[in-house]
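Observations on the three-dimensional arrangement
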Amino acid sequence: MAETSQISEQDARDFLFFDDRDDTRRVVVQTQDVRKVYEMGKIKVHALRGISLSIFEGEFLAIMGPSGSGKSTFFNMIGGLDKPSGGKVSIDDVDIAQLDAFELAWLRCRKIGYIFQSFNLIPVMTCLENVMLPLTFAGVPSEQAFDRACEILRTVGLGHRLTHKPSQMSGGQQQRIAVARALANKPAIVLADEPTANLDTKTGQEIIDLLVGLCTDMNVTVICATHDMKMLDKCDRVVWIRDGQCDRVEERKNIEIQVGEMMSHE
Ligand SMILES: Nc1ncnc2c1ncn2[C@@H]1O[C@H](COP(=O)(O)OP(=O)(O)O)[C@@H](O)[C@H]1O
Ligand SMILES: [Mg+2]
């Protein structure tokens, strides 16, 4: 009896809340009741109906949902590419609506790297020039920009294709250029909108593995809007979006069995 009374309140607390210790992870992006209404004449489209979410440093978050569910709209809000009609998006505890044009440009150029479904490369520029572009925008001197672009292109496996134009490369290679371009300024966050949608299964898997590597090797936070079920196998958490609302958030370790089931029904 005497022994039980020696357990301090702190010990009991540590024991009881042991599973919650993971929540010391730093929140990089936070959305609070984010809403978006597109007005087209008299028609109002409620694309986002209040999404509240905390995204942690170094995690790979998949935003899953069918076409038209609001993934790209949410992507644009998190990335500071469009303004919500209501609610708040904070990056590193700063409400991005409070940023002036210069600060917002800095955020888009230095803090976040963007990857799109259709690669969005500049066709008249070589692979190297495409990756050097954001470095030039960031004011990096050309010699340094050249070295950095070469280094990052080697990292994504394109060190031997520096002078090729995008049209001379496969879809998978073009998306690798886009990944390299997104990484050029060493962003803390990489936002990808359906990065595997235009790729075959094998090439898509390679791009997913490349993105997973960013999280584990560089502690980059990767946020990926997708309806590619292959992503479920690799991400840390999944946010399921339906009709502009967050249906549920799941840790990957809890969805593994369901993935098998879903894949088998495809
Ligand atoms: N610029 C826009 N103007 C009007 N409606 C839009 C616009 N962009 C998206 N929408 C509508 O908002 C909803 C969500 O679209 P979107 O975010 O693109 O979905 P997803 O990326 O999941 O396919 C859809 O109903 C779509 O038609
Ligand atoms: Mg979309």
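Everything discussed here concerns the structure shown above.
The shown structure was predicted, so the numbers you read here are calculated from the model rather than taken from an experiment.

Counting its regular elements, the protein chain contains eight helices and 10 strands. Taken across its 266 residues, the protein chain has 34% of its residues classed as buried. Expressed as a percentage of contacts within the protein chain between residues at least 6 apart in sequence, the contacts between residues at least 24 apart total 70%.

Quick look at the sheet that holds strand S2 (residues 43-56) now. One open sheet holds the four strands; their spatial order is S2-S1-S4-S5, and the pairing between them is antiparallel. A single partner strand is all that each edge strand has here, and the edge strands are S2 and strand S5 (94-95). Two strands pair when backbone bridges link them, and strand S1 (residues 27-40) and strand S4 (residues 86-91) are joined in this way by five bridges, in the antiparallel orientation. If you follow Gln32 over to S4, its bridge partner there is Lys88. Here helix H2 (residues 71-78) sits on the sheet and contacts S1, S2 and S4; the angle it forms with S1, its principal contact strand, is near 125°.

A word on unusual backbone geometry. Phi at Asp33 takes a positive value of approximately 50°, unusual for a residue other than glycine. Tracing the sequence through the fold places Asp33 in strand S1. In this structure, Asn120 is a non-glycine residue whose phi angle is positive, near 50°. Mapped onto the elements of the fold, Asn120 is located in the loop between strand S6 (112-115) and helix H4 (127-137).

In terms of burial, H2 is a largely internal element, six of the eight residues being buried. For H2, the complete set of buried residues consists of Lys71, Thr73, Phe74, Phe75, Met77 and Ile78. Of the residues flanking the end of H2, it is Gly80, one or two places downstream, whose phi is positive at about 65°.

The next subject is the site of ligand 1. Inspection of the region around ligand 1 gives Tyr38, Met40, Val45, Ala47, Gly65, Ser67, Gly68, Ser69, Gly70, Lys71, Ser72 and Thr73 as its neighbouring residues. In terms of residues, the shell around ligand 1 owes the most to one element, H2, which gives three residues.

Here the focus is H4. Listed as buried for H4 are Cys127, Leu128, Asn130, Val131, Met132, Pro134 and Leu135. The elements touched by buried residues of H4 are helix H3 (101-111), helix H5 (142-155) and helix H6 (171-183). Taken from the residues just after H4, Gly139 is the one with a positive phi, measuring 85°.

With that out of the way, let us pick up the sheet that holds strand S10 (residues 245-251). If you walk across this open sheet you meet the six strands as S6-S7-S8-S3-S9-S10, and the pairing is mixed. Only two strands of the sheet have a single partner each, and these edge strands are S6 and S10. Here the average twist between neighbouring strands, direction ignored, is 15°. Bridge count for strand S3 (residues 60-64) against strand S8 (residues 221-226) is five bridges, and the pairing is parallel. Directly across from Met64, in S8, lies its bridge partner Thr226.

Let us look at the packing of H6 against helix H7 (residues 201-218). Where H6 contacts H7, the axes come no closer than 9 Å and their chain directions differ by 15°. Of the possible angle classes, the one that applies to H6 and H7 is roughly parallel. In the crossing of H6 with H7, the sense of the turn from one axis to the other is right-handed. Between H6, through Gly171, Gly172, Gln175 and Val179, and H7, the contact on the second element is made entirely by Thr203, Glu206, Ile207 and Leu210. Among the residues forming the contact of H6 with H7, the class breakdown is three nonpolar, four polar and one charged.

Reading the values: the criteria
- Residues numbered from 1 in each chain as written.
- Chains lettered and ligands numbered in written order.
- Predicted model: local features only at pLDDT ≥ 70, side-chain atom pairs only at ≥ 80, totals over all residues.
- Helix = DSSP H or I, 4+ residues; strand = E, 2+ residues; numbered from the N terminus.
- Buried ≥ 20, exposed ≤ 12 C-beta atoms within 10 Å, placed from the backbone.
- Contact = placed C-beta atoms within 7 Å.
- Pairing = 2+ DSSP bridges.
- Axes fitted to C-alpha atoms, helices over the stretch in contact; angles between N-to-C directions.
- Near = placed C-beta within 6 Å.
- Parallel < 35°, antiparallel > 145°, perpendicular 65-115°, else oblique.
- Left-handed = near helix turned anticlockwise from the far one by under 90°.
- Nonpolar A, V, L, I, M, F, W, Y, C, P; charged D, E, K, R; others polar.

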